[in-house]
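Structure assessment
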Amino acid sequence: MVSARADAATRPLRLGMVGGGEGAFIGAVHRMAARLDGQFELVAGALSSTPEKALRSAAALGLDPARSYPDFTAMARREARLKEGIEAVAIVTPNHQHVPAALAFLKAGIAVICDKPLANSLAEARRLVRAADAAGSLVCVTYNYSGYPMVRQARAMVADGLLGDLRVVQVEYPQDWLTDPLEATGQKQADWRTDPARAGAGGCIGDIGTHAFQLAEFVSGLSVQQVAADLSSCVAGRRVDDNAHILLRFAGGARGMLWASQVAPGNENGLKLRVYGSKGGLEWRQEHPNQLLWSPFGQPPQVLARGGPGLSPAATRVTRIPSGHPEGYLEAFATLYSEVARAIRARAAGEVCPPEVLFPTLHDGWRGMAFIDAAVRSAAANARWVTLASSPSAAS
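Residues numbered from 1 in each chain as written. Predicted model: local features only at pLDDT ≥ 70, side-chain atom pairs only at ≥ 80, totals over all residues. Heavy atoms only, no water.

Below, the discussion takes up the sheet that holds strand β10 (residues 272-277). The strand order across the open sheet built from nine strands is β13-β12-β11-β10-β6-β9-β8-β7-β14, with neighbouring strands paired in mixed fashion. Because the sheet does not close on itself, it has two edges, and the strands there are β13 (302-305) and β14 (386-387). Alignment of strand β7 (residues 224-232) against β14, held across two bridges, turns out to be antiparallel. Paired with Q226 across the two strands is T387, which belongs to β14. Packed on one face of the sheet, helix α7 (residues 149-159) meets β6 (166-174), β11 (280-285), β12 (291-296) and β13 and runs near 25 degrees to β12. Against the sheet, helix α13 (residues 362-380) engages β7, β8 (243-250), β9 (255-261) and β14, with an angle of about 55 degrees to β7. (Pairing = 2+ DSSP bridges. Helix = DSSP H or I, 4+ residues; strand = E, 2+ residues; numbered from the N terminus. Contact = heavy atoms within 4.5 Å. Axes fitted to C-alpha atoms, helices over the stretch in contact; angles between N-to-C directions.)

Looking now at the nonpolar core. Where a protein is soluble and globular, its nonpolar side chains tend to be buried together. Ranked by internal contacts, the top residues of the largest apolar core, which has 85 residues, are F105 and I246. For F105, the residues in contact, after removing those within four places along its chain, are V18, F72, M75, A76, I86, V89, I110 and V112. Grouped together as the second largest cluster of nonpolar side chains are 28 residues, L13, A34, L336 and A343 included. (Core = buried A, V, L, I, M, F, W, Y, C linked by side-chain atoms within 4.5 Å. Buried < 20%, exposed > 50% of the residue type's maximum accessible area, 1.4 Å probe, protein only.)

Take the packing of helix α5 (residues 98-107) against helix α6 (residues 122-135) next. Each packed pair of helices is defined by two parameters, the angle between the axes and the distance between the axes. The geometry of α5 relative to α6 is characterised by a closest axis approach of 10 Å and an angle of 10 degrees between their N-to-C directions. Between α5 and α6, the angle is such that the two are roughly parallel. Contact residues: α5 offers V99, A102, L103 and L106, while α6 offers E124, R127, L128, A131 and A132. Partitioning the contact of α5 with α6 into residue classes produces seven nonpolar, no polar and two charged. (Parallel < 35°, antiparallel > 145°, perpendicular 65-115°, else oblique. Nonpolar A, V, L, I, M, F, W, Y, C, P; charged D, E, K, R; others polar.)

With respect to the helices and strands, the residue R31 is situated in helix α2 (residues 26-36). Buried charge without a partner: R31 forms no salt bridge, and the closest opposite charge is E22, 10 Å away. Ignoring anything within four residues of it in the chain, the contact list for R31 reads M17, G20, L42 and L61. (Lys, Arg positive; Asp, Glu negative; His and termini not counted. Salt bridge = Lys/Arg side-chain N within 4 Å of Asp/Glu carboxyl O.)

Looking now at a positive patch on the surface. Together, R77, R78, R81 and K107 give the surface a local cluster of positive charge. In terms of residue count, the dominant contributor to the positive patch is helix α4 (residues 72-81) (three residues). With respect to the secondary-structure elements, R81 resides in helix α4. (Patch = residues over 30% accessible without salt bridge, like charges linked within 9 Å, V, L, I, M, F, W, Y side chains within 5 Å. Areas by Shrake-Rupley, 256 points an atom, 1.4 Å probe, with all protein chains shown as cover. Charge placed at Lys NZ, Arg CZ, Asp CG, Glu CD.)

Every other side chain in a regular strand lies on the same face of the sheet, so the side chains alternate between the two faces. Across eight bridges, the pairing between β7 and β8 is antiparallel. Looking at β8, one finds that D230 is bridged to H245.

Turning our attention to the packing of α6 against α13. As a packed pair, α6 and α13 sit with axes 9 Å apart at the nearest point and diverge in direction by 165 degrees. Classed by the angle they form, the pair α6 and α13 counts as roughly antiparallel. Judged by the twist between their axes, the crossing of α6 over α13 is left-handed. Listed contacts from α13 to L122, A125, R126, L128, V129 and A132 of α6 are L362, W366, M369, A370 and D373. Each residue belonging to the contact of α6 with α13 can be placed in one class, and the counts come to nine nonpolar, no polar and two charged. (Left-handed = near helix turned anticlockwise from the far one by under 90°.)

Tracing the backbone shows L362 in helix α13. For L362, a relative accessible area of 10% puts it in the buried group. Along the primary structure L362 and L128 are separated by 234 residues, whereas in three dimensions their C-alpha atoms are 8.9 Å apart. Not counting residues within four places of it along the chain, the set of residues in contact with L362 comprises L118, L128, V129, A132 and V139.

To continue, consider unusual backbone geometry. Going from K116 to P117, the amide bond is cis rather than trans, its omega being -15 degrees. Position of P117 among the secondary structure elements: in the loop between β4 (111-114) and α6. Positive phi values are uncommon outside glycine, yet N382 reaches one of about 60 degrees. With respect to the helices and strands, the residue N382 is situated in the loop between α13 and β14. Positive phi outside glycine occurs at A383, with the angle close to 65 degrees. Tracing the chain through its elements places A383 in the loop between α13 and β14. Its relative accessible area of 32% is what places A383 among the partly exposed residues.

Attention shifts here to helix α3 (residues 51-60). Those residues of α3 that fall on the buried side of the exposure criterion are A54, S57 and A58. Seen along its axis, α3 keeps its buried residues to an arc of 100 degrees; they face one direction. Along α3, the residues that are exposed and aim more than 90 degrees away from the buried face are E52, A59 and A60. Following α3 by one or two positions, G62 has its phi on the positive side, about 75 degrees. (Arc of directions from axis to C-beta.)

Have a look at this one:
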C-alpha cells in the first residue's frame, strides 16, 4: 500500500479555483499554467458568483457537479472536510474578492495561490497578512514575470555582484488597450478594471504597475523606500488612473523610474527592465523573453540566450526546452505553479523547502499594495515623496 505521504509526492496536487468562469481571461491562464508541468489537477471550483454560470463553467471543464460550488465560503468549508479535498486554491476573481476568499481558505488550512494585486486596499492586505502569519499558511501571489528563466538569470547576475554597486533601475509596462473608453461598451475586463469598487484605488498601477514594481525589486534585490508619483486618467470620465510616471528611491541609494500606461498606442505588453551598476548593465524585454542583454562596462555588449551556454543554475533549472524553441508567458506562469507545488509537497513531507525554489510570497503581495498606496497618496499630494508602508504591523 502506498502511504499518503508518498502518494502526495508523486500524484498531481488537487487544485480548486475561485472565479475564472465563462468569459474570464486570467482563469484560463491559471488553468493552463497549473497543468503544464503535471503538478496540479483542477477538481473543484466556485467559478462564478452566478450559480447557473458556475455550473455551466464547471461542466465545460469536466468538473464533478458535486464539486461546483455557489460561493467560495461553501467551497472552503466542504473541501476542508473531504478526505480528498483540495490542497490549494487559485483565486482569480476581481481584486475586491481576493481577501475574503483567501481568508476562507486559509481558515480551512488550504494553500492559496492568489492573482495580483493582493487586495483592494492596504488595510485589507494587512488583515490578510496577519491572518496568514498567525496560521503559518502558504500563500503565493502570481507575479508571473518572475518565472521567466532570463529574469532569474538577471537576478542571479545582480546577486553575484557582476553589475557592481547598483545605481539605476528603470522599468516600464506600456499597453494600449484602454486608449478608448472600452469600459463604456460593457467589455468585461475593462469594466471591472476601471471600477474603483472592484479594482481598488489604483487602476493602471494596480493592474500592471505592480508587475513592473515587483520585477524591479525581484531582479535588483533592492527595496523601494519612497515614490514620487504622477498618476493620470487620460480618458475622460475614467475613475482610475490609466497612466503613471513614478520616481523611485531604493534602499542603499539607487534611483529609478517606473512608467506604466494602458493608453500608449502601439504597445501591447511592453514590459521592460533595465538595471545599471558600476560594472555593467542588463536589459530584458517581456516581448522577447528568451534574450537578456548584458553590457559589461568597457566591453562589447553580449546577448545571453535562454538555454544557451554559461547561464546560472537559477535560469537553467526553470528551462524546459532547448534554446531556439521559445518559451514565454504560459511557461513562466507554469514555473510559479511548479515552484508552489514543491513547497506544498515539502510541507506535506515535513521537510524544509529547497532554497532554490522561488515564487512571489505574501510579502511580495504586501509590497505591491504598499506601492499602490504610496503612489496614490503621492499623486494626491502633487507628486511629493511618500514612504512605503514598511510592514503589515505598521499602524493603519
